[in-house]
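Coordinate analysis (summary)
Listed below, chain by chain, are the residues.
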Amino acid sequence: LSISYSNLGQTTRAEEEAQKAYDLRDRVSEREKYRIVYTYQTNVTGDQDKAIQALELWHQSYPRDFVPLGNLGAQYSGIGQFEKALGYFEQSLQIEPNSAVNLGGLAGTQMYIGRVREARQTLEQAFARNLDGLYLHQYLYYVAFVQGDEPAMQKQLEWAAGRNGEEDSLLAAQADTEAYFGRLAKAREFSRYAVESARHADAAETAAQWQALAALREAEFGNLQQARSDAVAAHKLASGRGVDAIVAMALALAGDVAQAQAMADALDKEYPHD
């Protein structure tokens, strides 16, 4: 449950479920204990070093298990060590070549270091195997954006349409695309759609994150009053580690430094290892 909520951007619920699992960790197998400790360090404490340590112990104990390898790839990609991440994703896919999540992670990491053509080949390989999932469509959208392939981007939007708990991610991506090209009215429209879609899926914290990112965008455009208004609206929708961090950045850019600092201090106090 914690992993699922985390993937949906619902960090508070992810934290609650991870804590419950961690409290029960002495009642499960050694393999499951590694998984629980890793999830706890990722979703509760935010301690990246301890999360990686748990995964490495898991991999050493169960070298034919593809899951810790894929998660190591995700962890190292998340902290910018992309070459190391590529190695772990590739090892994971040698054991389980049909993992949609790890193929998506590999493609994303390839894209981050500029190997865009390879990233698209990785994604097309996944779809050729009849694999499917939000991550694959998200990364294909991003790759298509970098390549200027608007028909492919539109195709991913069409795939997501009406998919509860999934379409909001692609709508938010389209909002960023519109903003990139200076079409701010369209960007606001797609952000609104993303927020409404997430709320419809009973994902208030995810909706708040899309609203907070809209605030960040307004601040970067210099629309400081609108940025502050969107930031306040985001915080009213939901609070949580993911939301509060973005809201604080938006408020800082919008000139409300005191409130941003107060939020940053509160986060640092509650999550000193994150």
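Preceding this section is the structure that the text describes.
Residues numbered from 1 in each chain as written. Predicted model: local features only at pLDDT ≥ 70, side-chain atom pairs only at ≥ 80, totals over all residues. Heavy atoms only, no water.

1. Focus on the pattern of salt bridges
- By the definition in use, this model includes 13 salt bridges.
- Lys33 is the salt-bridge partner of Asp26, the closest N and O atoms lying 3.8 Å from each other.
- For Lys33, a relative accessible area of 23% corresponds to the partly exposed category.
- Arg31 is the partner of Asp65 in a salt bridge, and the nearest nitrogen-oxygen pair spans 2.6 Å. With Asp65 in the loop between helix H4 (48–61) and helix H5 (66–78) and Arg31 in helix H3 (residues 30–45), this pair connects stretches of sequence that are 34 residues apart.
- When its relative accessible area of 11% is taken as the criterion, Asp65 is described as buried. (Salt bridge = Lys/Arg side-chain N within 4 Å of Asp/Glu carboxyl O. Buried < 20%, exposed > 50% of the residue type's maximum accessible area, 1.4 Å probe, protein only. Helix = DSSP H or I, 4+ residues; strand = E, 2+ residues; numbered from the N terminus.)

2. Observations concerning the packing of helix H8 (residues 116–128) against helix H9 (residues 134–147)
- In the contact formed by H8 and H9, the axes pass within 10 Å of each other and the chain directions differ by 145°. When the axes of H8 and H9 are compared, the crossing they make is left-handed. Contacts between H8 and H9 involve Val116, Arg117, Ala119, Arg120, Leu123, Ala126 and Phe127 on the former and, on the latter, Leu136, His137, Tyr139, Leu140, Val143, Ala144, Val146 and Gln147.
- A class-by-class count of the residues in the contact of H8 with H9 yields eleven nonpolar, two polar and two charged. (Axes fitted to C-alpha atoms, helices over the stretch in contact; angles between N-to-C directions. Left-handed = near helix turned anticlockwise from the far one by under 90°. Contact = heavy atoms within 4.5 Å. Nonpolar A, V, L, I, M, F, W, Y, C, P; charged D, E, K, R; others polar.)

3. Topic: the packing of helix H7 (residues 100–112) against H9
- One way to put it is that H7 packs onto H9 with a least axis distance of 9 Å and a crossing angle of 20°. It follows that H7 is roughly parallel to H9 by the angle criterion. Relative to H9, the crossing made by H7 is left-handed. Counted together, Ala100, Val101, Leu103, Gly104, Gly105, Gly108, Met111 and Tyr112 of H7 and Tyr135, Leu136, Tyr139, Tyr142 and Val143 of H9 form the full contact between these two elements.
- Here the residues of the contact of H7 with H9 sort into ten nonpolar, three polar and no charged. (Parallel < 35°, antiparallel > 145°, perpendicular 65-115°, else oblique.)

4. Remarks on empty space enclosed by the protein
- A complete count under the given rule lists one cavity of 30 Å³ or more for this structure.
- Computed from the structure, the largest cavity encloses a volume of approximately 40 Å³.
- Lining the largest cavity are Ala172, Ala175, Asp176, Ser191, Trp210, Leu213 and Arg217.
- Put simply, the parts of the chain that give the lining of the largest cavity at least two residues each are helix H11 (167–180) and helix H13 (204–221).
- When its residues are assigned to classes, the lining of the largest cavity shows four nonpolar, one polar and two charged. (1 Å grid on protein atoms, 1.4 Å probe; cavity = no way out; pocket = protein on both sides within 12 Å on 5 of 7 lines; lining within 4 Å. Points joined across faces, edges and corners; volume = space filled by probe spheres on them.)

5. A word on helix H6 (residues 82–95)
- Along its 14 residues, H6 runs 20 Å from first to last C-alpha, staying within 8% of the 20 Å computed at 1.5 Å per residue.
- By the burial criterion, the buried members of H6 are Ala85, Leu86, Tyr88, Phe89, Ser92 and Leu93.
- Looking at the buried positions of H6, the neighbouring elements they touch are H4, H5 and H7. (Expected span 1.5 Å × (residues − 1).)

6. Here we look at unusual backbone geometry
- Non-glycine residue Asn130 carries a positive phi angle of around 65°.
- With respect to the element layout, Asn130 can be found in the loop between H8 and H9.
- The backbone phi angle of Asp202 is positive, close to 60°, even though this residue is not glycine.
- Tracing the sequence through the fold places Asp202 in the loop between helix H12 (184–200) and H13.
- With a relative accessible area of 57%, Asp202 lands in the exposed category.

7. Section: the nonpolar core
- Core analysis: the biggest nonpolar cluster contains 30 residues, and Leu72, Tyr76, Leu103, Leu123, Leu131, Leu136 and Val143 have the highest contact counts within it.
- Secondary-structure elements contributing two or more residues to this core are H3, H4, H5, H6, H7, H8 and H9.
- Look past the residues within four positions of Leu131 in its chain and what remains in contact with it is Asn98, Ala100, Leu103, Ala126 and Leu136.
- Within the second largest apolar cluster, 15 residues are counted, among which are Ala234, Ala248, Ala250 and Leu251. (Core = buried A, V, L, I, M, F, W, Y, C linked by side-chain atoms within 4.5 Å.)

8. With respect to the side chain of Asp230
- Within the secondary structure, Asp230 is located in helix H14 (residues 224–237).
- Looking at Asp230, its side chain comes within polar contact range of the side chain of Gln211, at 3.4 Å.
- Setting aside residues up to four positions removed in sequence, Asp230 forms contacts with Gln211, Ala214, Ala215 and Glu218. (Polar contact = N/O pair within 3.5 Å; in protein donor to acceptor, adjacent residues only side chain to side chain.)

Interpretation in functional terms is not warranted from these geometric data alone.
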